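What follows is each chain in one-letter form.
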Amino acid sequence: MEESLHENLMLLQIVIENAPLPIGVYVGEELKIALANEAMIKAWGKGPNVIGKYYTEILPELENQKIFSQAKSVVSTGIPFHAKNSPVDIIIGGALKTHYFNYSFTPIKDSKGIAYAVMNTGADVTDLNIARQHVQETEEKLRLAVASAELGIYEVDLTTNKITTSGNFHGIWGTTRDVTREDIINKIHPEDLHIRDEAHKESQLSGNISYELRIIPKNNSLRWVRISGKIISDAFGKPLTLLGIVQDITEQKKFSEELKLLVTERTSELMKSNEDLLQFANIVSHDLKEPVRKIEIFNNLLKNELGGSIKGKNASYFDKVQHSTKRMTSIIEDVLSYSKLNKDGHLVKEIDLNTIIEDIKTDLELIVQEKKAILITDKLPRIEGATILIHQLFYNLMHNALKFSRPDNPPRVIISCSTTMIKGTEYVRISIRDNGIGFNPVFAEKIFNAFERLHSKDAFEGTGLGLSLCKKIVIRHQGIIEAIGNQDDGAEFIVTLPLKQTGNKI
């Protein structure tokens, strides 16, 4: 019997060594390891010296697990055992880890039919099992997401037109279990049927479906739905299946309409408010300028009438009235200019900046002569814009450069330029630099705020609207304006404007 056993084991060894799957042979109820191929030794992870040792000696962690008793049972009963995706805890690298195996215990019998050994075959399917678990988890998450979003899922067999549904499909459409494409079409609002037809027609080219329409699911209650889908075709391009999602967006549509109505109302109110402000500005311009002008006239008449009898403080009082009326006129004109800027669009024309600067020099001729100012100007390019606004922009900047000068130093204003590219568009950078009183750099942004004044109105006249107006004009021309300065060390204003405008109005 021992010779027969030895021959059988030798034959088995040849088979086992050449087998790609893990195979081992254990003899007797103690499961002494007689044979084990490389695949099995690798699966155990205990090293190569396993032959002649007992199963539980190599894998003591299996002694209290089902797999050990299953192997012993096969030896004692001669009945084979098979397991699929069965978890087995094995210590590998000092750590106990759960692996999943498809394995079998097959009895090896002698000539009398008595089992004296067991052959163990197996395959490690841990990665496959983990992947399956991930798929199941993903499917469960998808089901939860569909349920949470109350989505309806459907699949249409384009050969038979049979529809398979899940999720909230029937709840949205108000249909029953056995639904047909005709049932769905009959639920669509008659005025929106063309939307579906056009979407399905486009899907023949793109393979995708996406549209929104109204449906009447039940009790004539109108609902909005969004439908998205994809057509799956075979290798020859023949459409086989339509996979889609339907979502009830009635509340979204309702909110969108309410928001649109609210925006319309707010826009109307804003336009009315702007009209009221413009009307107020016109009142200020026309109704207030006239009494101010009369104050100035009668003040001059009274001063001339009294003539030499005006002495001491009385003379200064007349001068203060005269100064205040001029200041009030300036304020009225600046407020009107500021308010009118957004009223109407201005036609875009080609502008010669050299001509603009020369015209401004003529306008400022008196203050230039009075302060003995020096103006140095580069040759400037031609740009597109609104002539009246560009004139106002550079007039304000040049006038400021002359106004905010130091009493002991004649104003020196240098206008230079360069070109630059910003996001593929050509711009001109124009610098207006002076040697005046400057400003604290911390106010470089604040200086452009409406009615913002950095200097005493007693020392320098003005309304605080000039630079704010400049910023609005530059923004209207899709440009940038920056201020650079230091206290008592001059100021520089850099205007960056595109050479070309995108529209025909500003």
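Relevant structure appears above.
Residues numbered from 1 in each chain as written. Predicted model: local features only at pLDDT ≥ 70, side-chain atom pairs only at ≥ 80, totals over all residues. Heavy atoms only, no water.

Here the phi dihedral of K372 falls at roughly 55°; this positive angle occurs in a residue that is not glycine. Residue placement: K372 occurs in the loop between α12 (365–371) and β12 (374–377). Phi at Q478 takes a positive value of approximately 60°, unusual for a residue other than glycine. Relative to the helices and strands, Q478 is located in the loop between α14 (466–476) and β16 (480–485). (Helix = DSSP H or I, 4+ residues; strand = E, 2+ residues; numbered from the N terminus.)

Helix α13 (residues 387–403) packs onto helix α11 (residues 353–363) with a crossing angle of 55° between their chain directions and a minimal axis gap of 10 Å. Classed by the angle they form, the pair α11 and α13 counts as oblique. The way α11 lies across α13 gives a crossing that is right-handed. Judged by residue contacts, L353, I356, I357, D359, I360, K361 and D363 of α11 engage T387, I390, H391, F394, Y395 and M398 from α13. Its residues placed into classes, the contact of α11 with α13 shows eight nonpolar, two polar and three charged. (Axes fitted to C-alpha atoms, helices over the stretch in contact; angles between N-to-C directions. Parallel < 35°, antiparallel > 145°, perpendicular 65-115°, else oblique. Left-handed = near helix turned anticlockwise from the far one by under 90°. Contact = heavy atoms within 4.5 Å. Nonpolar A, V, L, I, M, F, W, Y, C, P; charged D, E, K, R; others polar.)

Using the criterion set out here, one finds ten aromatic pairs in the structure. A centroid spacing of 6.5 Å and a plane angle of 10° characterise the contact between Y55 and F68, whose relative ring orientation is stacked. A residue pair is termed long-range when its members are at least 10 positions apart, and Y55 in helix α3 (residues 55–58) and F68 in helix α4 (residues 66–77) qualify at 13 residues. Residue classification places Y55 among the buried residues on the basis of a relative accessible area of 2%. Pairing F81 with Y103 gives two aromatic rings, centres 6.5 Å apart and planes at 35°, and the pair type is tilted. Taken together, the residues F81 in strand β3 (residues 81–92) and Y103 in strand β4 (residues 95–109) connect sequence positions 22 residues apart. Since its relative accessible area comes to 4%, Y103 is described here as buried. (Phe/Tyr/Trp six-rings, centres within 6.5 Å; stacked < 30°, edge-to-face > 60°. Buried < 20%, exposed > 50% of the residue type's maximum accessible area, 1.4 Å probe, protein only.)

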